[in-house]
Amino acid sequence: MTGMRGLSVFISDIRNCQNKEQERLRVDKELGNIRTCFKNEKVLTPYKKKKYVWKMLYIHMLGYDVDFGHVEAVSLLSAPKYPEKQVGYIVTSCLLNENNDFLRLAINMVRNDIIGRNETFQCLALTLVGNIGGREFAESLTPDVQKLLISSSCRPLVRKKAALCLLRLFRKNPDVVSVDGWADRMEQLLDERDLGVLTSSMSLLVALVSNNHEAYWSCLPKCVKILERLARNQDVPQEYTYYGIPSPWLQVKTMRALQYFPTIEDPGTRRSLFEVLQRILMGTDVVKNVNKNNASHAVLFEALSLVMHLDAEKEMMSQCVALLGKFISVREPNIRYLGLENMTRMLMVTDVQDIIKKHQAQIITSLKDPDISIRRRALDLLYGMCDVSNAKDIVEELLLYLSTAEFAMREELSLKAAILAEKFAPDLSWYVDVILQLIDKAGDFVSDDIWFRVVQFVTNNEDLQPYAAAKAREYLDKPAIHETMVKVSAYILGEYGHLLARRPGCSPREMFSIIHEKLPTVSSSTIPILLSTYAKILMHTQPPDLELQNQIWTVFKKYESCIDVEIQQRAVEYFELSKKGAALVDILAEMPKFPERQSSLIKKAEDAEDTADQSAIKLRAQQQPSNALVLADPQPVNGTPPPVKVPSMSGSVDHESAAQPHSQPNGALSKVEPQTPSADLLNDLLGPLAIEAPPGAMPTEERASTGAGVPDAVDGAAIVPVGEQTHTVEPIGNIAERFHALCFKDSGVLYEDPYIQIGVKAEWRGHHGRLVLFLGNKNTSPLTSVQAQILPPIHLKMELSLVPVTIPPRAQVQCPLELMNIRPSRDVAVLDFSYKFGTNMVNVKLRLPAVLNKFLQPIQLTAEEFFPQWRSLSGPPLKLQEVIRGVRPLPLPEMVNLFNSFRVTICPGLDPNPNNLVASTTFYSESTRAMLCLVRIETDPADRTQLRMTVASGDPTLTFELKEYIKEQLIAIPTGSRAPAPGPGPVASETQPASPAVTANDPGALLAGLL
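Quantities reported herein were computed from a predicted structural model and do not represent experimental measurements. (Residues numbered from 1 in each chain as written. Predicted model: local features only at pLDDT ≥ 70, side-chain atom pairs only at ≥ 80, totals over all residues. Heavy atoms only, no water.)

Caption draft 1: Fine view of the overall build of the chain. Scanning the chain from N- to C-terminus turns up 40 helices and 16 strands. Considering only contacts within the chain whose residues lie at least 6 apart along the sequence, 72% involve residues at least 24 apart. (Helix = DSSP H or I, 4+ residues; strand = E, 2+ residues; numbered from the N terminus. Contact = heavy atoms within 4.5 Å.)

Caption draft 2: Broad picture of the sheet that holds strand E7 (residues 796-800). If you trace the five strands from one edge of the open sheet to the other, you get E3-E4-E5-E8-E7, paired in antiparallel fashion. Strands at the two margins of the open sheet, each flanked by one partner only, are strand E3 (747-752) and E7. Within the sheet, the average angular offset between the axes of one strand and its neighbour, ignoring direction, is 25 degrees. Relative to strand E8 (residues 812-821), E7 runs antiparallel, the two being bridged by five bridges. Bridge pairing in E8 links Leu800 to Leu817. Sitting on the sheet, helix H22 (residues 407-423) touches strand E5 (768-777), E7 and E8, and the angle it makes with E8 is about 65 degrees. Contacts between helix H36 (residues 735-742) and the sheet are confined to E3 and strand E4 (756-765), with E3 contributing the most and set at about 160 degrees to the helix. (Pairing = 2+ DSSP bridges. Axes fitted to C-alpha atoms, helices over the stretch in contact; angles between N-to-C directions.)

Caption draft 3: Region of interest: a negative patch on the surface. Where like charges cluster on the molecular surface, the negative patch consists of Asp311, Glu313, Glu315 and Asp351. Locating Asp311 in the fold gives a position in the loop between helix H15 (290-310) and helix H16 (314-327). (Patch = residues over 30% accessible without salt bridge, like charges linked within 9 Å, V, L, I, M, F, W, Y side chains within 5 Å. Areas by Shrake-Rupley, 256 points an atom, 1.4 Å probe, with all protein chains shown as cover. Salt bridge = Lys/Arg side-chain N within 4 Å of Asp/Glu carboxyl O. Lys, Arg positive; Asp, Glu negative; His and termini not counted. Charge placed at Lys NZ, Arg CZ, Asp CG, Glu CD.)

Caption draft 4: Fine view of the pattern of salt bridges. For the structure shown, the criterion picks out 45 salt bridges. Salt-bridge contacts for Asp911 lead to Arg936; the nearest nitrogen and oxygen are separated by 2.8 Å. Of the two residues, Asp911 is situated in the loop between strand E13 (905-906) and strand E14 (916-925) and Arg936 in strand E15 (residues 929-940); the sequence distance between them amounts to 25 residues. Accessibility expressed as a relative area gives 27% for Arg936, which makes it partly exposed. Through salt bridges with shared partners, one network takes in Arg376, Arg377, Asp380, Glu412 and Lys416. (Buried < 20%, exposed > 50% of the residue type's maximum accessible area, 1.4 Å probe, protein only.)

Caption draft 5: Layout of the packing of helix H12 (residues 220-231) against helix H13 (residues 248-258). Contact geometry of H12 with H13 gives a least axis separation of 10 Å together with a crossing angle of 150 degrees. When the axis of H12 is compared with that of H13, the two are roughly antiparallel. For the crossing formed where H12 meets H13, the hand is left-handed. Within the contact between the two elements, H12 uses Leu220, Cys223, Val224, Ile226, Leu227 and Leu230 and H13 uses Leu250, Gln251, Thr254, Met255 and Leu258. Each residue belonging to the contact of H12 with H13 can be placed in one class, and the counts come to nine nonpolar, two polar and no charged. (Parallel < 35°, antiparallel > 145°, perpendicular 65-115°, else oblique. Left-handed = near helix turned anticlockwise from the far one by under 90°. Nonpolar A, V, L, I, M, F, W, Y, C, P; charged D, E, K, R; others polar.)

Caption draft 6: Quick look at the packing of helix H2 (residues 20-39) against helix H3 (residues 46-61). Between H2 and H3, the shortest axis-to-axis distance is 11 Å and the interhelical angle comes to 145 degrees. Note on packing geometry: the crossing formed by H2 with H3 is left-handed. Across the interface between the two elements, Val27, Glu30, Leu31, Asn33, Ile34, Cys37 and Phe38 of H2 pack against Tyr52, Val53, Lys55, Met56 and Ile59 of H3. Its residues placed into classes, the contact of H2 with H3 shows nine nonpolar, one polar and two charged.

Caption draft 7: Quick look at the confidence of the model for the chain. Within the chain, residue pLDDT values average 79, and 82% of them lie at 70 or more. Averaged pLDDT values over the elements of the chain bottom out at 32 in helix H34 (residues 681-686) and peak at 93 in E14. Scored below 50 in pLDDT, residues 973-1011 makes 80 contacts in the model with residues more than four places away or belonging to other chains. (pLDDT = per-residue confidence, 0-100.)

Caption draft 8: Just the environment of Ser561, in detail. With respect to the helices and strands, Ser561 occurs in the loop between helix H29 (546-558) and helix H30 (565-577). Ser561 sits in the exposed class, given a relative accessible area of 64%. Along the primary structure Ser561 and Ala571 are separated by 10 residues, whereas in three dimensions their C-alpha atoms are 8.9 Å apart.

Caption draft 9: Spotlight on the side chain of Lys471. By the element assignment, Lys471 lies in helix H25 (residues 465-476). Excluding residues that lie within four positions of it along the chain, Lys471 makes contacts with Asp433 and Leu436.

Caption draft 10: Expanded view of the packing of aromatic side chains. Counted by the stated rule, this structure contains 20 aromatic pairs. Between the aromatic rings of Trp764 and Phe855, the centroid separation amounts to 5.5 Å while the plane-to-plane angle is 80 degrees, which identifies the pairing as edge-to-face. With a gap of 91 residues between them, Trp764 in strand E4 and Phe855 in the loop between strand E10 (840-847) and strand E11 (856-858) connect regions that are remote in the sequence. Aromatic pair Phe899 and Phe902: ring centres 5.3 Å apart, planes at 45 degrees, arrangement tilted. Using a relative accessible area of 0% as the deciding quantity, one classes Phe902 as buried. Among the aromatic residues, those joined into a ring-pair cluster are Tyr755, Phe833, Tyr835 and Phe837. Over the ring of Phe68 we find Arg35; its NZ or CZ atom is 4.1 Å from the centre of that ring. (Phe/Tyr/Trp six-rings, centres within 6.5 Å; stacked < 30°, edge-to-face > 60°. Lys NZ or Arg CZ within 6 Å of the ring centre and 35° of its normal.)

Caption draft 11: Quick peek at helix H8 (residues 135-150). In this model, H8 (16 residues) spans 23 Å end to end at C-alpha, consistent with the 22 Å of a helix rising 1.5 Å per residue. Of all bends in H8, the biggest is about 55 degrees, found at Leu141, and the proline Pro143 comes one to four residues later. Three or more residues of H8 are buried, namely Phe137, Ala138, Leu141, Thr142, Asp144, Val145, Gln146, Leu148 and Leu149. On its buried face, H8 is in contact with helix H6 (103-115), helix H7 (119-132), helix H9 (156-172), helix H10 (183-189) and helix H11 (195-211). (Expected span 1.5 Å × (residues − 1). Bend = angle between axes of the 7 residues up to and from the residue.)

Caption draft 12: Region of interest: the environment of Gln146. For Gln146, the location among the structural elements is in helix H8. For Gln146, a relative accessible area of 9% translates into the label buried. Separated by 39 residues in sequence, Gln146 and Arg185 have C-alpha atoms that sit 9.8 Å apart.

Caption draft 13: Structural context of the pairing of E3. Burial analysis of E3 places six of its six residues in the buried class, the great majority of the element. Where E3 lies against E4, five bridges are found, and the strand directions are antiparallel. Across the sheet, Glu752 pairs through a bridge with Gln757, a residue of E4. Hairpin connection from E3 to E4: three residues lie between these consecutive antiparallel strands.

Caption draft 14: Structural context of unusual backbone geometry. The phi dihedral of Ser785 is positive, around 50 degrees, even though this residue is not glycine. When you line up the elements, Ser785 lands in strand E6 (residues 784-791). Unusually for a residue other than glycine, Arg929 sits at a positive phi of about 55 degrees. Mapped onto the elements of the fold, Arg929 is located in strand E15. Look at Arg929 and you get partly exposed, because its relative accessible area is 26%.

What follows is the structure, encoded as structure tokens:
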């Protein structure tokens, strides 16, 4: 392109365009000029044709359609001079695909260049054929390409291109490219001394043997000789030696080709190959040079795959495992990952499991690795290597790891621990202990199949029933247990609780009392199980206890009018059946044993297995003996997600276990697919969110609520330009109002400016939450240097996924954010977000709507359920009372709606004074588990600006935080819009309400306070 001034001027004009419209006008003008010149063939010189075809290619690279000039581009293929011919081949490769009719015009021109004597033209033609690879090219040109490959008169450069061209044609059209009788020719090619031709030919051989290895047995000894030559570094040119390793690419391809042959029959060839593999295994070590490590380990791990494929002697297998054991203990994470992955694949080989067990301690250490991919591989390896001899140790380690594992791994971890406990349990009492611990530590991630399975085991083993009932009774003594534990404990005690009748604290009345304490905290799906348990307890009470009978009958009568049909039917039928006396024993007899069938847990694990070691895990599972009883596979339960669990009444707070604050670094995505531009940009960017009305459409009274106990600070003034700038990017809309709106709904726009829009969609389940940040580029230019960092308060554990460094034009990317609530607090997390648009670097700090009310679950109580709890929580610090003045004057119906908006439910009819309100809710956190919270509001009809509020719960910190939160919702705090700051400088701060949960080492809380 040197010397083409018109092309240089055109490119300069395009770069100087100020916007997309100017660029479009300049391109249209140039296309019109090119079209006019192509029509006037008299003045179209070869130089002008070449220049205009280059311009067409540049316009095509800019993303514009070029629907003319293809004939002119193809015609340049027949030009006698290299510059014109080069342009023709390059532009034809870029503008035309294999289905374009104009390619038929080029076949003869390309063939003439291939069979010609000019090697430069041959290389251009082979490159075009390889890039396009169409069916017509394959049919017409394959014989000519094959001749070039086996020709001894061609230079190695041409033969390399011929081999790669033939490979592309074979992959694209295997039915068209004829390779019959090519075994002898491939054998000749493997004798080639030039390593470049040999490497290209080996790539072709890998494709051929993967399709049909039977025809290429004669190539196997040649491949072994190539490996011997490379392993001994014989006759290897310096340019093919990479960091002292002779042609690592050829070594890898050769060993990969050998893996397509089932076995090696010839003893001499097999011995030679094992000597080479032994040399590779002994000569590979970890060094400081990263590039040498990558090359040597690529060869090594391919050699390991070949050793496993050939089923080598046990001594070599032991050597492989020992080498992998050394790799999983090095500092380099990539090597550790590969070591764990290949050790998992080694499980397919028999007689090496005992050798792998020697590295069990190091594998367990890998569960604590900072890299989640390494933790996943370590979990898969432990799962695959587990058997009867080490099941106890591995399962106990998995249970210890469960409390600190990421949310994304806990469900898989729970399932695998349950399966291992079932398959390799030394005794069934240990199995029951493991499953109950599993439910206690990770109830939210334990599927129904797991507790169904333990119930089946207990039902089918009479000797196990007293032990299981005693363990279930112990767990019910805990102040806070998961709802799944309530289900399994209630079921077991209902069926076999009478076996403990003579033990202290296990009388029918005491059993009913401790189970009934959990009734107000469970969801509607658990109540039917508790009703069945009450009926069973009543049946087993001998002699009859009239007081207990009346208590149980009262419960049945209460639920006779329940809106849930299942609960209503059980209550009515159990009440009527309990009147029959002795006949009740026959009707409510113990459950029969379940028929034998394959475990649904193991079947579920097989269906979910998607890792590279799938075959190893399955083979290992078939080889290992199992102590598990085969039981009935229950009917599939509803596939919809279970409802949010309703909690137990009380719990303890462990402040020492709160996670320390940490920041998630920004990551990088490999590719971001741009979306098609849309006329409605907001709908295009945030359509999947189902965004509700903008904050400006909300009533003023609702916008006045603060929502999170943090002042309205992050507004337009929160944008801090980085570096030297001449202007400030102003946000669209009021950021504080957007934040407050998201505190009461789960989807909406968090932030917007002229360049980007950040949307949020959230899901909440117990003390776990998942926020998806939708980052939408509103412009036709990319946003670069994108970074996002989470500054979490001390009470939240947060994990942000990878954030792309660049967001393409008109594109939208999603960044999931997993979080867990550790303990009660009103502090909020802050998103530190920055990006670059052109020369402008923009930084904004945004509060995230992960506030206290998101971890509340409304629950409505009756008088029988409310007042015993209210009386049991007597006085400070569990019950706090405060007279609040300066309250927004609201009628009682509007105050009821306000409480409902932040998930606190009014319980009507509990207070005899019509001017008072009684409310209840449930708070979820890791320290408190599920905690019931009770509220009483006493209003003065003569003065609506003051009231008396009483808040009670089983945790003093929760009581204080909830009281302060409700107080902030009731007091009128103005949230009017403020003008953004004119440039970099201090942001005006506001007074933040004091909170005892804020600590000096909490960066999220400190930053929120500064804002």
